[in-house]
Amino acid sequence: MADDEAAADAAQTCANKDCRIAETGRCVEGLELPDCPHYGRAVEDDTDDELTPAGIALIGANALRIGDVGRLLRAGDARLIAVVGPSDAGKTSLIASLYDLFQAGPVAGAAFARSLTLHAFEQACHDARAASRRTTPDTARTPLGEVRFYHLDIVTQPFARLTVALADRAGEEYRAAADDTAIPPTLPELMRADTITVLIDGKRLLDAGARHNVRGDAIMTLQALVDSGAARTGQRLAVVLTKLDLVEGSPQRDRALTDFEGLAATLTQKFGATFDTIGPFKIAASPESTVVARGAGVADLFAFWLGAANWSQDAAPVLAPSPRAFGRFDRNSGGANG
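So, how was this worked out
Residues numbered from 1 in each chain as written. Predicted model: local features only at pLDDT ≥ 70, side-chain atom pairs only at ≥ 80, totals over all residues. Heavy atoms only, no water. Helix = DSSP H or I, 4+ residues; strand = E, 2+ residues; numbered from the N terminus. Buried < 20%, exposed > 50% of the residue type's maximum accessible area, 1.4 Å probe, protein only. Areas by Shrake-Rupley, 256 points an atom, 1.4 Å probe, with all protein chains shown as cover. Axes fitted to C-alpha atoms, helices over the stretch in contact; angles between N-to-C directions. Parallel < 35°, antiparallel > 145°, perpendicular 65-115°, else oblique. Left-handed = near helix turned anticlockwise from the far one by under 90°. Contact = heavy atoms within 4.5 Å. Arc of directions from axis to C-beta. pLDDT = per-residue confidence, 0-100. Pairing = 2+ DSSP bridges. Salt bridge = Lys/Arg side-chain N within 4 Å of Asp/Glu carboxyl O. Nonpolar A, V, L, I, M, F, W, Y, C, P; charged D, E, K, R; others polar.

1. Comments concerning the overall build of the chain
Step number 1: Looking only at helices and strands, one finds 12 helices and seven strands in the chain.
Step number 2: Evaluated residue by residue, the chain yields a buried proportion of 41% over its 338 residues.
Step number 3: In the form shown here, the chain has an accessible surface area of approximately 17,600 Å², with 52% of it arising from carbon and sulfur atoms.

Below you can see the structure in the form of structure tokens.
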């Protein structure tokens, strides 16, 4: 009996170093175990993954660090978005839902061009997809430690290209920043951000015992950013109600929406002199029901993040003609462009 259990444990191995099959019993890529080419194999040593005569090493596609994203932001027109909120407010869910919207086509008049963090986006989306075999959508919590960045390059009329970097940091660290004004200046994504996005947890607004704390936490967090100098004049502020599906499906819907609108008005009054523009938004990034569609409200928030009048939200983006004949093929009309 003991030998059988030891053999079963030994079989729970995977050559993919990011897989946690021994802990979760599931393939990190969402495959059936017999179909996974890495399952049952030991993790391989990748210390020699450099360019060699035998082949090449592909660049990574994981979340970027501060030095990497800094080079991207300096290379051309760019927007850095800091997403601030307590644990479980929906920061990573918001980022994942934006990526999912781009799978279906342009978002707010912008088309997907490329991403250096495709693997990170896919990992963020996995638990909200059918392949995860979860009964309800979910998103992994952001681990404590260094801020991570998700990267998008987008294009829109008239052939403009823009880099968007989305900062994701554990909610506990932002909570600590609200208690100690010495902390915000050490969080570089806040001081460099073009838009600071504060998430208001809709689920907590529905809770009679927590709703007043939601208001106090948001005000205290922003006050700490302003007092410490982490928030600067000219930045935009997005105040975002998350988990709209829970709010819309609750008997306490009207009270929660009134609370949010009142909080947004208070933040505008208190911090309107600091931020260039303050906008309220309501989203359902990863709904647990069919009350609202997945990603509801995210496109409007994304348009606000872009924050420039020449970014059209109405017309579909027109891409520059491809030099390759196949690249000019129009999938909608069945013909070729240009």
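2. Structural notes on the packing of helix 9 (residues 211-228) against helix 11 (residues 253-271)
Step number 1: Where helix 9 meets helix 11, the axes come as close as 11 Å, and the angle between the chain directions of the two elements is 20°. Classified by the angle between their axes, helix 9 and helix 11 sit roughly parallel to one another. The handedness of the crossing between helix 9 and helix 11 is right-handed. Here Arg211, Arg215, Ala218, Ile219, Leu222, Gln223 and Val226 of helix 9 lie close against helix 11, whose contacting residues are Arg255, Asp259, Gly262, Leu263, Thr266, Leu267, Lys270 and Phe271.

3. So, helix 3 (residues 66-75)
In an α-helix there are 3.6 residues to a turn, and that puts residues three or four apart on one side.
Step number 1: Within helix 3, the full set of buried residues consists of Val69, Gly70, Leu72 and Leu73. Looking down the long axis of helix 3, one finds its buried residues gathered within 165° of arc, a one-sided arrangement. Exposed residues lying more than 90 degrees from the buried face of helix 3 are Arg71, Arg74 and Ala75.
Step number 2: Elements in contact with the buried residues of helix 3: strand 1 (78-84), strand 2 (111-114), strand 3 (148-156), strand 4 (160-168) and helix 7 (188-192).

4. Observations regarding the confidence of the model for the chain
Predicted coordinates in areas of low pLDDT are best not read in detail.
Step number 1: Across the chain, the average pLDDT comes to 78, with 73% of residues at or above 70.
Step number 2: Averaged pLDDT values over the elements of the chain bottom out at 46 in helix 1 (residues 2-11) and peak at 97 in helix 11.
Step number 3: Note that pLDDT drops below 50 for residues 1-10; the model gives that stretch zero contacts with residues more than four away or on any other chain.
Step number 4: Across residues 46-52, confidence stays below pLDDT 50; counting only partners more than four residues off in sequence or on other chains, it has four contacts.

5. Focus: the sheet that holds strand 5 (residues 195-201)
Step number 1: The strand order 2-3-4-1-5-6-7 describes an open sheet built from seven strands, whose pairing is mixed. The open sheet has two free edges, formed respectively by strand 2 and strand 7 (277-282), since each of these has just one partner strand. The mean inter-strand angle of the sheet, taken between neighbouring strand axes irrespective of direction, is 30°.
Step number 2: Sheet topology note: the strand 2/strand 3 ladder contains three bridges and is antiparallel. Bridging from a neighbouring strand, Ala111 pairs with Val155 of strand 3.
Step number 3: Of the strands in this sheet, strand 1, strand 2, strand 3, strand 4 and strand 5 touch helix 4 (residues 91-104), which is tilted by about 150° from strand 4.
Step number 4: Lying on the sheet, helix 9 is in contact with strand 1, strand 5 and strand 6 (236-242); it crosses strand 5 at an angle near 160°.

6. Topic: the pattern of salt bridges
Step number 1: Tallied over the entire structure, the rule returns 15 salt bridges.
Step number 2: Here Asp194 makes a salt bridge to Arg192, at a shortest N to O gap of 3.5 Å.
Step number 3: On the basis of relative accessibility, which here comes to 24%, the residue Asp194 falls in the partly exposed class.
Step number 4: By relative accessible area, which is 34% here, Arg192 ends up partly exposed.
Step number 5: Among the salt bridges present, the one from Arg253 reaches Glu248, with a minimum N-O distance of 2.6 Å.
Step number 6: Overall, Glu248 belongs to the partly exposed group, its relative accessible area being 28%.
Step number 7: Several salt bridges converge on common partners, so that one network encompasses Arg114, Asp153 and Arg161.

7. Things to note about the pairing of strand 5
Step number 1: For strand 5, the buried fraction is high: seven of the seven residues fall into the buried class.
Step number 2: Alternating positions in strand 5 separate into two faces, Thr195, Thr197, Leu199 and Asp201 on one and Ile196, Val198 and Ile200 on the other, with burial throughout.
Step number 3: Relative to strand 5, strand 1 runs parallel, the two sharing four bridges. Bridge pairing in strand 5 links Ala82 to Ile196.
Step number 4: Pairing of strand 5 with strand 6 involves seven bridges; the strand directions are parallel. Bridge pairing in strand 6 places Leu199 opposite Val240.

8. Comments concerning the environment of His38
Step number 1: Looking at the element boundaries, His38 is found in the loop between helix 2 (21-24) and helix 3.
Step number 2: Taking C-alpha positions, His38 is 6.2 Å from Asn16, a pair spaced 22 residues apart along the chain.

9. A look at the packing of helix 4 against helix 12 (residues 298-306)
Step number 1: For the pair helix 4 and helix 12, the least separation of the axes is 10 Å and the interaxial angle reads 100°. When the axis of helix 4 is compared with that of helix 12, the two are roughly perpendicular. Note on element contacts: helix 12 touches helix 4 through Val298, Ala299, Leu301, Phe302 and Trp305, opposite Leu94, Ser97, Leu98, Leu101 and Phe102.
Step number 2: Taken together, the residues that form the contact of helix 4 with helix 12 break down as nine nonpolar, one polar and no charged.

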